[in-house]
Each structure stands twice: as structure tokens, then as C-alpha cells.
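So the chains spell out like this:
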Amino acid sequence: MSTSFHEMWRDLLPIGRDADSKGYRRFAWTGADADCRAWFRAQAEARGLTYEVDRNGNQWAWLGDPNAGDAVVTGSHLDSVPDGGAFDGPLGVVSSFAALDELRGRGAEFTRPLAITNFGDEEGARFGLACVGSRLAAGQLTVEKAHQLTDADGISLPQAMERAGYDPETIGADDERLARIGAFVELHVEQGRALDLTGDPVGVASAIWPHGRWRFDFRGEANHAGTTRLEDRRDPMLTYAQTVLAARECAARHGALATFGKVGVEPNGVNAIPSLVRGWLDSRAADQETLDAVVGGIERAAAERARTDGVDVSVTRESFTPVVEFAHDLRDRLAKTLGGVPVLPTGAGHDAGILSATVPTAMLFVRNPTGVSHSPAEHAAEDDCVAGVRALADVLEGLACS
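The protein is annotated in an unreviewed UniProt entry as Allantoate amidohydrolase from Streptomyces olivaceiscleroticus.

Would you explain the side chain of Asp54 in this entry?
Along the chain, Asp54 falls in the loop between strand S1 (50–53) and strand S2 (59–63). Reaching out from Asp54, the side chain makes a polar contact with the backbone nitrogen of Asn58 at a distance of 2.9 Å. Here the side chain of Asp54 touches Trp60 through a polar contact of 3.0 Å, side chain to side chain. Excluding residues that lie within four positions of it along the chain, Asp54 makes contacts with Trp60, Asp174 and Arg177.

Whenever I open this one, the sheet that holds strand S12 (residues 312–321) confuses me. Can you help?
Here we have 4 strands laid out as an open sheet, ordered S9-S11-S7-S12, and antiparallel in their pairing. Only two strands of the sheet have a single neighbouring strand rather than two, namely strand S9 (257–266) and S12. Across the sheet, the mean angle separating the axes of adjacent strands is 20 degrees when strand polarity is ignored. Relative to strand S11 (residues 276–284), S9 is paired through 9 bridges, and the arrangement is antiparallel. The residue of S11 that forms the bridge with Lys262 is Trp280. Packed onto the sheet, helix H9 (residues 236–254) meets strand S7 (211–219), S9 and S11 and runs at close to 170 degrees relative to S9.

Which parts of the structure should I look at to understand H9?
The periodicity of an α-helix, 3.6 residues per turn, causes residues three or four places apart in sequence to face the same way. Given a rise of 1.5 Å per residue, 19 residues ought to cover 27 Å, and the 27 Å separating the end C-alpha atoms of H9 matches this to within 8%. Regarding H9, the residues found buried are Pro236, Thr239, Tyr240, Thr243, Ala246, Ala247, Cys250 and Ala251. For H9, the angular spread of the buried residues around the axis is 130 degrees, confining them to a single face. Facing away from the buried side of H9 by more than 90 degrees, the exposed set consists of Leu245, Arg248, Glu249, Ala252 and Arg253. Summarising the contacts, the buried residues of H9 are in contact with S7, S9, S11 and helix H10 (288–309). Regarding H9, its N-cap is Asp235, as a side-chain oxygen of that residue lies 2.9 Å from the backbone nitrogen of Met237 further along.

Explain the nonpolar core to me, please; I cannot follow it from the model alone.
Side chains that are nonpolar tend, in soluble globular proteins, to be buried together. Core analysis: the biggest nonpolar cluster contains 53 residues, and Trp39, Phe40, Leu91, Phe97 and Leu364 have the highest contact counts within it. Looking at this core, the element that brings in the most residues is helix H13 (residues 382–400), giving 9 residues. Discounting chain neighbours no more than four positions away, the residues touching Leu91 are Phe5, Trp9, Leu187, Val189, Val366 and Cys385. Grouped together as the second largest cluster of nonpolar side chains are 24 residues, Val73, Ala115, Ala130 and Leu178 included.

Even after reading the chapter, I still don't get the environment of Leu103, so can you show me in this structure?
Within the secondary structure layout, Leu103 lies in helix H3 (residues 90–106). The spatial distance from the C-alpha of Leu103 to the C-alpha of Glu397 is 7.1 Å, given a sequence separation of 294 residues. If near-sequence neighbours (up to four positions away) are discounted, Leu103 is found in contact with Ala108, Phe110, Ala393, Leu396 and Glu397.

Looking at this structure, how should I read the pattern of salt bridges?
Any two side chains of opposite charge can pair, given that their charged atoms come close. What the rule picks out here adds up to 25 salt bridges. Note that Arg112 is salt-bridged to Asp70, the shortest N-O span being 3.0 Å. Of the two residues, Arg112 sits in the loop between H3 and strand S4 (114–118) while Asp70 sits in the loop between S2 and strand S3 (71–76), which places them 42 residues apart along the sequence. Of the charged contacts, one joins Arg193 and Asp196 as a salt bridge, the two residues approaching to 2.8 Å between their closest N and O atoms. Arg193 sits in the partly exposed class, given a relative accessible area of 38%. With relative accessibility at 26%, the residue Asp196 sits in the partly exposed group.

What's the story with H3 in this structure? I'm lost.
A rise of 1.5 Å per residue sets the reference length of H3, with its 17 residues, at 24 Å; its end C-alpha atoms lie 24 Å apart and thus fit the reference within 8%. Extensive coverage of H3 is indicated by the burial of 14 of its 17 residues. Of the residues trailing H3, Gly107 is marked for its positive phi of about 75 degrees.

I'm lost on the packing of H3 against H13 in this one. Help?
In a pair of packed helices, the angle between the axes and the distance between the axes together describe the arrangement. Across the interface, H3 lies against H13 with an axial gap of 8 Å and an inter-helix angle of 60 degrees. The pairing of H3 with H13 is recorded here as oblique in orientation. Taken as a pair, H3 and H13 cross one another with a handedness that is right-handed. Packed against H3, whose contacting residues are Leu91, Ser95, Ser96, Ala98, Ala99, Glu102, Leu103 and Arg106, the element H13 presents Cys385, Val389, Arg390, Leu392, Ala393, Asp394, Leu396 and Glu397 at the interface. Partitioning the contact of H3 with H13 into residue classes produces 9 nonpolar, 2 polar and 5 charged.

Can you walk me through unusual backbone geometry in this structure?
Apart from glycine, the bulk of residues carry a negative phi angle, and the bulk of peptide bonds sit in the trans form. The residue after Glu266, namely Pro267, is reached through a cis peptide bond having omega 0 degrees. Within the secondary structure layout, Pro267 lies in the loop between S9 and strand S10 (272–273). One non-glycine residue with positive phi stands out, namely Asn268, at about 70 degrees. Here Asn268 lies in the loop between S9 and S10.

Rules of the game
- Residues numbered from 1 in each chain as written.
- Predicted model: local features only at pLDDT ≥ 70, side-chain atom pairs only at ≥ 80, totals over all residues.
- Heavy atoms only, no water.
- Helix = DSSP H or I, 4+ residues; strand = E, 2+ residues; numbered from the N terminus.
- Polar contact = N/O pair within 3.5 Å; in protein donor to acceptor, adjacent residues only side chain to side chain.
- Contact = heavy atoms within 4.5 Å.
- Pairing = 2+ DSSP bridges.
- Axes fitted to C-alpha atoms, helices over the stretch in contact; angles between N-to-C directions.
- Expected span 1.5 Å × (residues − 1).
- Buried < 20%, exposed > 50% of the residue type's maximum accessible area, 1.4 Å probe, protein only.
- Arc of directions from axis to C-beta.
- Core = buried A, V, L, I, M, F, W, Y, C linked by side-chain atoms within 4.5 Å.
- Salt bridge = Lys/Arg side-chain N within 4 Å of Asp/Glu carboxyl O.
- Parallel < 35°, antiparallel > 145°, perpendicular 65-115°, else oblique.
- Left-handed = near helix turned anticlockwise from the far one by under 90°.
- Nonpolar A, V, L, I, M, F, W, Y, C, P; charged D, E, K, R; others polar.

Quick look at the structure:
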């Protein structure tokens, strides 16, 4: 098993890696994404699995009859955030194939169909919406809204899919496919240090915090940086800057998280006062009431400062995922199978969270010693990765071989 894991990891590692940053740029429907998809297909075919791509571009590799129903599914995603790490997503996909190899090595006899999947565009790095593939399948993203998604160059999602050789006219809810799934288990590197603090290599997820993305548009007046008096300016950058500080303050006050991690400026000239500053807020909290309080506080702070600066501000919620409580019976079964490993919540969104409204889902986390994620410094130790594969194999054996 460890040999197959290391071989797969070695082959996948260079795909989409930037030579300068050492981070990954595996964005949806790009060349790097195509190479990742080719790698997935090769792994499926090398194991004699039935390979298929669903109507939304998600990849599937089946052991057993795909149409039999009550299938056990595992997997994750292969795309990345800009300059992301190697483990977020790919660890789950590689571990899924390695767990199947482990089970075959044990001589396990499968009584339910097993599938490994790679969900497309989980990170949302290109089109600004996370979990596009799973959202479409689950009916949580309408075809109309999907067609309206565009990247920074103005290329729409349908155009990108078509250029990559996929038919965008087929996208949409895939109720029949999801009805054939009896359980979905996603393994993922932990994005935080909870397991490092408890000393455990593997844990089970209890819940995902509610979270969302909001776009703040600050509109002022473009003018000359060298000739416009400070008191005559309508500078949206000032309003934006104060809103960033307010976000930190609101999050700290409520024990939540708030981050402005992306910003766009027009006309974006060194010697020009901006006419528009557009900032994207990511906010997460343990419960809906707290999240509402944080985002509401940030919006009020932005509006108050905008009045002082003579700036107009508008806020648009671009995506939102409510709190996810993973299926308790499945979660508890996994924890028992693994000998009482820690059960912990997470603030990170996942395809498992999207599918949880339709399919019984659970998650396994592999220890991240630094807690760093969405960065080239993201890491999991070799022994912990192997422990994760064995844990996933134990879980799948209990679900699909009993």
C-alpha cells in the first residue's frame, strides 16, 4: 500500500506546480486541470475500474456495478487555490486509490459498489464559487447561475468547459446519480492544528461551520494623486482599509473568522486615486447567529466609514453554505471503527459538506503539524499519510465489505 501511495504522489506532485512560488495553480478547466484529470483516469484504468465523467465534469472510478445502488463513495478534489499546497484535495484522492489497493491486498470481498471520485472546481479559484461540481450535482447551483460565472478574463464557465472538451449543455442537478450513493467518506488534510495538539494522526469530522463569501464594492472618484487635496478626495481605498480593520475587530469580538483575501482596484494606477475598490470577504463562525453578527457588523462599519469618505458602498453575497452536521450514525461508526479517534469540527468547506444535504456523509482528517493550508508550506508527515490510508481502508472495509 505505501508503495502505491508514494508512486501516485510522485507522479501527481509536479502537475500544475509553479517554478517560482513552489505552489500549485491547478485551476478548473485549464491545462493543469486536464493533466490532473488524465492522471485520475490512468489510475482508474490501471486498476480495472469503470471510468466515467458525469454531466457536471466530475470524474468517477467504479468497482462493481455503478447502477446497483447503495454505493460507498470516497474521494475529494485535485484543483487548488492560487499557489496552494500539495495536500489539500489530492491527499484524499490519492489515499482513496491507495485504500482500494490496501483492501485488495487484504483480500477484502466487496458486497456494495465502491466508487472513487474527483469533484471539479472545489476551490473556486477561477470562477469565484467553491464546490461548483458538487453544488451542480446536488442542485445547489442552478444552471442559470452557473452559466453566469466568469473568470478574471471574462471567460464564462460554459466557454471554459467547452474549450476543455466538455459539453456545458449537460450540466445540472444529478439526482439519479446521488440516489445511488449510500455513503460518501472524504479524507482530507486537516486545515488547522487540532490533531497536532491532541497527538493523533487521524480524526473524524463532526461538523462544518457556516461560511460564505461577500463582495464589497467601494465607489469613489478617480483623480490625480499629485494634485488633489486630501480634503477634496473621495478615496474608496480608505474605506476599504478601514473595513478590513473592522472585519478583524468584529471577528475577534465574536470568536469567529473574517478575511479580506482578494481585492481589485480601478483604475489601478500608482499615481491615481481609485474610482473603485472591490474586496471579497470570507467569513466563518461556529453557528449562524454568530456569523450573521460578524458580517452585519462589518457591513455597518463599512457604511459608516463610507459616509465619512464620501464613498458609496454595496455588498453582494456571492456564496453561502449553512452549518453542516455530518450524519451522526455514520460519524460515530467511523470513530468506533478507528478506536475512538478525536471527533472535531472544522471551519473549512468541502464537497462532503455540499453532499450532506442529500447523501449520508462523513470526513476523516489527517494531521497537519503546522496547521498551515492554502499555502506551499502545507504539509502532512509521511507516516500520518500512511495512517490515513489505513484508516480510510478500515472505514471502507466496514462499509462496503460487510
